[in-house]
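Here is how the chains run, residue by residue.
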Amino acid sequence: MEITIFHNPACGTSVRTLAAIRAAGHEPEIFDYLHTALSPGEIADLLRSMNVPARDVVRSKEPLFRELGLDLDDVSEGELIEAMSQHPILINRPIVVIKNGGTSKAQLCRPSESVNALPAEANS
């Protein structure tokens, strides 16, 4: 089983999620998405793995969200993904991806306790 966490070390929820993964006996790959931006394609792949639209993962409380006009109803999925790629601070965190064999499961782990269900899901 491989675990990746899209992590922001300045975020308490992300820090607690990382600690929970480690407490469960796993050492995840830590991806600091704020320093290494994801491409639009990588974000789209994550969203598909999570089975959610971009609006479910974008940080709508981030001031930049409104500054860029992303709060408008006519903003498309592609526009949101592009904005998250150009401005990684707009990606809500932490996102945890578990790969087990040929299957992959990703989830936004807010609250941090929601990570506890992931290893069981990846093993099923």
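Residues numbered from 1 in each chain as written. Predicted model: local features only at pLDDT ≥ 70, side-chain atom pairs only at ≥ 80, totals over all residues. Heavy atoms only, no water.

1. Some thoughts on the packing of aromatic side chains
Working step 1: A full pass over the atoms with the stated rule returns 1 aromatic pair.
Working step 2: Look at phenylalanine 6 and phenylalanine 31: their rings are 5.1 Å apart centre to centre, the planes differ by 55°, and that puts the pair in the tilted class. With a gap of 25 residues between them, phenylalanine 6 in strand E1 (residues 2-6) and phenylalanine 31 in strand E2 (residues 29-31) connect regions that are remote in the sequence.
Working step 3: Its relative accessible area of 11% is what places phenylalanine 6 among the buried residues. (Phe/Tyr/Trp six-rings, centres within 6.5 Å; stacked < 30°, edge-to-face > 60°. Helix = DSSP H or I, 4+ residues; strand = E, 2+ residues; numbered from the N terminus. Buried < 20%, exposed > 50% of the residue type's maximum accessible area, 1.4 Å probe, protein only.)

2. Quick notes on helix H1 (residues 12-23)
Working step 1: The first and last C-alpha atoms of H1 sit 16 Å apart over 12 residues, in line with the 16 Å expected at 1.5 Å per residue.
Working step 2: Along H1, the residues that are buried comprise Thr13, Ser14, Thr17, Leu18 and Ile21. Burial along H1 is one-sided: seen end-on, the buried residues are contained in an arc of 135°.
Working step 3: Where H1 is buried, its residues contact E1, E2 and strand E3 (95-100).
Working step 4: Glycine 25 occupies a position one or two residues after H1 and carries a positive phi of about 90°. (Expected span 1.5 Å × (residues − 1). Arc of directions from axis to C-beta. Contact = heavy atoms within 4.5 Å.)

3. A word on the confidence of the model for the protein chain
Working step 1: Looking at the protein chain as a whole, the pLDDT averages 90, with 94% of positions reaching at least 70.
Working step 2: For the protein chain, helix H5 (residues 118-123) is the element with the lowest average pLDDT, namely 51, and helix H4 (residues 77-86) is the one with the highest, namely 98. (pLDDT = per-residue confidence, 0-100.)

4. Points about the nonpolar core
Working step 1: In terms of nonpolar packing, the biggest core is built from 25 residues, with Met84, Leu90, Ile91 and Ile95 touching the most fellow members.
Working step 2: Contributing elements (two or more residues each) for this core: helix H2 (40-50), helix H3 (63-67), H4, E3 and strand E4 (103-108).
Working step 3: Counting residues per element, this core draws most heavily on H2, at 5 residues.
Working step 4: In this structure isoleucine 91 touches Tyr33, Leu38, Ile43, Val57, Arg59 and Met84, once residues within four positions along its chain are discounted.
Working step 5: Core analysis: the second largest hydrophobic core is formed by 8 residues, Ile3, Leu18, Cys109 and Val115 among them. (Core = buried A, V, L, I, M, F, W, Y, C linked by side-chain atoms within 4.5 Å.)

5. Some words on the pattern of salt bridges
As a working rule, side chains carrying opposite charge can pair if their charged atoms are close by.
Working step 1: Under the criterion given, the structure shown has 4 salt bridges.
Working step 2: Among the ionic pairs, aspartate 45 bridges to arginine 48, the shortest N-O distance being 2.3 Å. Residue aspartate 45 and its partner arginine 48 are located together in helix H2, separated by 3 residues, close to a single helical turn.
Working step 3: The residue aspartate 71 makes a salt bridge to arginine 66 at a minimum N-O spacing of 4.0 Å.
Working step 4: According to the relative accessible area criterion, aspartate 71 is partly exposed, its value standing at 36%. (Salt bridge = Lys/Arg side-chain N within 4 Å of Asp/Glu carboxyl O.)

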